[in-house]
Amino acid sequence: MERPRFGAVSGPFEGTPASRTVPLRWVEWGPAAGRPVVCVHGLTRNARDFDVLARHLAGQGRRVICLDVPGRGLSGWLPEGRFYAVPNYIAAMMPLLTTLGEFDWVGTSMGGLIGMGVCATPGLNMRRFVINDIGPFVPVAALERIRTYLSEPRVFADIAGLEAYLRQVHAPFGPLSDDEWAHLAHYSARMRPDGQVALHYDPAIMEPMQGELTDVDLWPLWPAVASRPVLVLRGERSDLLLRETAQRMGESPGVQVATIPRCGHAPALMEPAQVALVAGFLAG
């Protein structure tokens, strides 16, 4: 069975000199000489969300690089919450991305927003782009919902308690098996010195969402994104990627839109049909 490998670099952030860096870590699958696929997770998630998809793609000979975005998983935390922003994530990833040549991208939610920024970054060559349940327009109501569940620090007596919380807050991921929920819980857990369990991200990631929120409108960036083949996945009950937004995205030549049944925000990419859909598109 394919086993993951682990990699790390240090990348700059906030336009600072290279001496001010954050450790960026990732999980890597498949042959080192395979065509690269970069997978980037959502706001509070981590690289191990992609284990099912990555193992499948690795079996097709792809080199799959699943990143922990700064402040999540095994990557370093930034010194202040105000630094948690897409431009800084891209800057931190540049030392890795510039070594890949041509690569594909699978981005869930925040990972899709980062991918849009990568499309507009000189010197980076994204071939195909899978955008999982995010788009150039994000309604403020969805952002307010996210801020609400981020605003309360969550600490659990054990991983079972954390898993019960994930099953509730991430129910829109779709119908997952007990093993899949256990997998997500295991890699979402950070053990504290007091023996309790916290979620595996820096609580300061919510700082940029404090204050007044407004709709996010990135439509001016869309032509740069849609200049390559794009597969847009939308959970049929999603409140972040509205139906009308997905329809407008699909009006661009070369952009395919697929609605994922029984899901909201965002499809977990663990179900065989979802994995096959992504793998088939990336094989083009």
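It should be emphasised that the depicted structure is a prediction, and the values quoted were computed from it without experimental measurement. (Residues numbered from 1 in each chain as written. Predicted model: local features only at pLDDT ≥ 70, side-chain atom pairs only at ≥ 80, totals over all residues. Heavy atoms only, no water.)

**Some remarks on the packing of aromatic side chains**
Phase 1: Counting across every chain of the model gives 4 aromatic pairs.
Phase 2: Ring centres 6.3 Å apart and planes at 50° place the aromatic pair F103 and W105 in the tilted group. No difference in accessibility class separates F103 from W105, as the two residues are buried.
Phase 3: Over the aromatic face of Y187 sits the side chain of R48, whose NZ or CZ is 4.2 Å from the ring centroid. (Phe/Tyr/Trp six-rings, centres within 6.5 Å; stacked < 30°, edge-to-face > 60°. Buried < 20%, exposed > 50% of the residue type's maximum accessible area, 1.4 Å probe, protein only. Lys NZ or Arg CZ within 6 Å of the ring centre and 35° of its normal.)

**Comments concerning the pattern of salt bridges**
Phase 1: This structure, assessed with the given rule, holds 13 salt bridges.
Phase 2: Among the ionic pairs, R45 bridges to D49, the shortest N-O distance being 2.9 Å. One exposure class covers both R45 and D49, and it is buried.
Phase 3: Here D51 makes a salt bridge to R48, at a shortest N to O gap of 3.0 Å. No difference in accessibility class separates D51 from R48, as the two residues are buried.
Phase 4: Among the ionic contacts, a cluster of salt bridges with common partners joins R5, E28 and R63. (Salt bridge = Lys/Arg side-chain N within 4 Å of Asp/Glu carboxyl O.)

**Regarding the packing of helix α5 (residues 159-169) against helix α6 (residues 178-188)**
Phase 1: Interaxial distance between α5 and α6 falls to 9 Å at its minimum, and their mutual angle equals 115°. If you check the angle between α5 and α6, you find them roughly perpendicular. Handedness of the crossing formed by α5 with α6: right-handed. Contacts between α5 and α6 involve I159, L162, E163, L166 and R167 from the former and D178, W181, A182, L184, A185 and S188 from the latter.
Phase 2: Tallied by class, residues from the contact of α5 with α6 come to 7 nonpolar, 1 polar and 3 charged. (Axes fitted to C-alpha atoms, helices over the stretch in contact; angles between N-to-C directions. Helix = DSSP H or I, 4+ residues; strand = E, 2+ residues; numbered from the N terminus. Parallel < 35°, antiparallel > 145°, perpendicular 65-115°, else oblique. Left-handed = near helix turned anticlockwise from the far one by under 90°. Contact = heavy atoms within 4.5 Å. Nonpolar A, V, L, I, M, F, W, Y, C, P; charged D, E, K, R; others polar.)

**Thoughts on unusual backbone geometry**
Glycine aside, negative phi is the norm for most residues, and most peptide bonds take the trans geometry.
Phase 1: The step from H265 to A266 runs through a cis peptide bond, and the omega angle for that step is 0°.
Phase 2: Structurally, the position occupied by A266 is in the loop between β13 (255-260) and α9 (272-282).
Phase 3: A positive phi is found at D133, a non-glycine position, where the angle reads about 60°.
Phase 4: If you trace the backbone, D133 turns up in the loop between β6 (125-132) and β7 (137-138).
Phase 5: On the basis of relative accessible area, D133 is assigned to the buried category, the value being 0%.

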